[in-house]
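What follows is each chain in one-letter form.
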Amino acid sequence: MANNNTLEPGIDFEFTEEMNLLKKTVRQFAETEVKPFVMKYDEAQEFPTETVKKMGELGFLGAAIPTELGGAGLTAIESAIIMEEISRVDPSVALIIAGHSGLCLQHIAMFGNEDQKRRYVPDLATGAKIGSWCLTEPGAGSDASGMASTAVLDGDAYVLNGTKTFITNGTHASTYVVMAKTDLTKGNRGISALIVERDMKGVSVGKKENKMGMRASDTATMMFDGVQVPKTKLLGNEGEGYKQALGVLDSGRVGIAALCVGLAQGAFEAALKYSKERRAFGKFISEFQGIQFKLADMATDIEAARLLTYRAAVAKTKGENINLIASEAKLYASEIAQRVTTEAIQIHGGYGFIKDFPVEKFYRDVKILTIGEGTSEVQKMVIAKNLVRS
Ligand SMILES: Cc1cc2nc3c(=O)[nH]c(=O)nc-3n(C[C@H](O)[C@H](O)[C@H](O)COP(=O)(O)OP(=O)(O)OC[C@H]3O[C@@H](n4cnc5c(N)ncnc54)[C@H](O)[C@@H]3O)c2cc1C
């Protein structure tokens, strides 16, 4: 006969009381502090400085950072809750968190030495300073190892030269983590990561991109022209930058997956509400099976993506290798978010194409999510590599 131990499934899908409270708190913040300004920032393509400041004060920017370094000391699961709830209202504000916390801050927290952490992490965790993460170049995106940026050691400083493109928060940041080649003969193993400050001579911001979506999130070109970066700003050892970047991306992809789930949830809720208000052929359109089946598929896709995302967040919290699960979660969540937003527009009919309805913005915002932090094709390469080598 089975005893209690064998009956114990070992999986608990329930949020703790603290997690439920956090979800409620973030949702309230998003509804009151973010929602009223969504279209204002989108149309003006303006960085929401006040909102970001408030998120810093509430601990949303340093969620997973230990309290002794100025963070909120939360788990990856709680960080995912924050991303999901902010993105449900405005994905572009969540993208600001992804670039700042998920990439720049996380890189320094994961690979910085004690001195670097003490110097940079508290200001980033509280939002006193904004961070950017600079990997992509005009000629090297998916294949980051093809980068042309160089950092040549000269005495006590690296001389950094190069151009980074599509950098989230680029214009507003004062702390940058920049990947560059310190040894041109070693391929990936010749790439190093440096902390660069905005006021170092030779750092400048280039073109601010005019984007289809995520318009409140700033995306800019960063130029580094003979920047003298003190040797003490090297993260880890020379040649470890590429490996570090892949680790940071694994971690960041859990956040992007949560962002996708929140975005899809926002679009779904708007479509469900509209279907109960819009009448056609003498009925609410929610009474038609053709619409109900769309809603059923959307809800099922979102729940599946949410479970995969939280499974990845649990693995991250436990310190497991998340290379496979993070790519699976990011791939699946971004692809379903795209499907859900398309159907949300369809349910709205012509009104879905009009900016007065929130689904129009969700539809524009979603596209970058199958591209940024690794395209869907790159995620499949990562997933397949894990499958084939096991
Ligand atoms: C809004 C926005 C914000 C961003 N934020 C940042 C940031 O903060 N920091 C940063 O460093 N970068 C950032 N990026 C860059 C982003 O990560 C890259 O755009 C992305 O990695 C893809 O690189 P790419 O644009 O050069 O496309 P490419 O690498 O040129 O890819 C073009 C196409 O080829 C496909 N492809 C490439 N290689 C293969 C292959 N081996 N097999 C099959 N298909 C392949 C790709 O999947 C894609 O479909 C951002 C981009 C945008 C648009």
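Residues numbered from 1 in each chain as written. Predicted model: local features only at pLDDT ≥ 70, side-chain atom pairs only at ≥ 80, totals over all residues. Heavy atoms only, no water.

Visitor: Looking at this structure, I do not really get the nonpolar core. What am I missing?
Guide: Generally speaking, nonpolar side chains in soluble globular proteins are found buried as a group. Ranked by size, the top nonpolar core spans 86 residues in total, and within it Met55, Ile86, Leu160, Val196 and Phe224 carry the most contacts. With 14 residues, the top contributor of residues to this core is helix H8 (residues 241–275). With near-sequence residues (within four places) excluded, Ile86 lies in contact with Val26, Phe29, Ala30, Met55, Phe60, Pro91, Val93, Ala94 and Ile97. Ile65, Leu135, Val177 and Leu249 belong to the second largest nonpolar core, which has 24 residues in total. (Core = buried A, V, L, I, M, F, W, Y, C linked by side-chain atoms within 4.5 Å. Buried < 20%, exposed > 50% of the residue type's maximum accessible area, 1.4 Å probe, protein only. Helix = DSSP H or I, 4+ residues; strand = E, 2+ residues; numbered from the N terminus. Contact = heavy atoms within 4.5 Å.)

Visitor: So what exactly am I meant to see when it comes to the domain arrangement of the protein chain here?
Guide: Interfaces are often sized by the accessible area lost when the parts come together. What the domain assignment reports for the protein chain is domain 1 (14–130), domain 2 (132–239) and domain 3 (243–389). The centre of domain 1, based on its C-alpha atoms, is set 20 Å off from the matching centre of domain 3. At the interface, 28 residues of domain 1 touch 30 residues of domain 3. Each partner contributes to the roughly 2300 Å² buried at the junction of domain 1 and domain 3, and carbon and sulfur atoms together form 67% of this total. Area buried by domain 1 at its contact with domain 3 is led by Glu84, Arg88 and Pro91, which between them contribute 24% of it. (Domains from an automatic or database assignment. Buried area = accessible area lost by both parts, 1.4 Å probe.)

Visitor: Help me understand the packing of helix H6 (residues 91–111) against helix H7 (residues 114–125), please; the structure alone is not making it clear to me.
Guide: Remark: H6 packs on H7, axes separated minimally by 9 Å, with the N-to-C direction vectors making an angle of 155°. Here H6 is positioned roughly antiparallel relative to H7, judged by the angle of their axes. Crossing of H6 over H7 shows left-handed handedness. In this structure, H6 uses His100, Cys104, Leu105, Ile108, Ala109 and Phe111 to contact H7, whose residues at the interface are Gln116, Lys117, Tyr120, Val121, Leu124 and Ala125. (Axes fitted to C-alpha atoms, helices over the stretch in contact; angles between N-to-C directions. Parallel < 35°, antiparallel > 145°, perpendicular 65-115°, else oblique. Left-handed = near helix turned anticlockwise from the far one by under 90°.)

Visitor: In this structure, what is going on with the site of the ligand? I would like to understand it.
Guide: The full set close to the ligand counts 17 residues, and Thr136, Ser142, Phe166, Thr375 and Glu377 are the nearest of them. In this structure, Trp133 approaches the ligand through a main-chain N or O atom, which is 2.8 Å from a nitrogen atom. The side chain of Glu377 places a nitrogen or oxygen atom 2.8 Å from an oxygen atom of the ligand. Notes on the ligand: free accessible area 980 Å², of which the protein chains cover 63%. Of all the secondary structure elements, the ones that give two or more residues to the shell around the ligand are strand S3 (157–168) and helix H12 (376–389). Both domain 2 (132–239) and domain 3 (243–389) contribute no fewer than three residues apiece to the shell around the ligand. (Near = heavy atom within 4 Å. Polar contact = N/O pair within 3.5 Å; in protein donor to acceptor, adjacent residues only side chain to side chain. Areas by Shrake-Rupley, 256 points an atom, 1.4 Å probe, with all protein chains shown as cover.)

Visitor: Where do I start with the pairing of strand S5 (residues 191–197) in this structure?
Guide: Side-chain positions along a regular strand alternate between the two faces of the sheet. For S5, a buried count of seven out of seven residues is recorded, marking the element as mostly surrounded by other parts of the structure. Residues Ile191, Ala193, Ile195 and Glu197 line one face of S5 and the alternating positions Ser192, Leu194 and Val196 line the opposite face, and both faces are buried. In this structure, strand S4 (residues 175–181) lies alongside S5, joined through seven bridges in antiparallel fashion. Looking at S5, one finds that Val177 is bridged to Ile195. (Pairing = 2+ DSSP bridges.)

Visitor: Any chance you could explain the side chain of Glu137 here in plain terms?
Guide: By the secondary structure assignment, Glu137 is in the loop between strand S1 (131–134) and strand S2 (150–154). Only 2.6 Å separates the side chain of Glu137 from the backbone nitrogen of Ala148, close enough to count as a polar contact. Other than its neighbours up to four places away in sequence, Glu137 contacts Met147, Ala148, Ser149, Thr163, Lys164 and Thr165.

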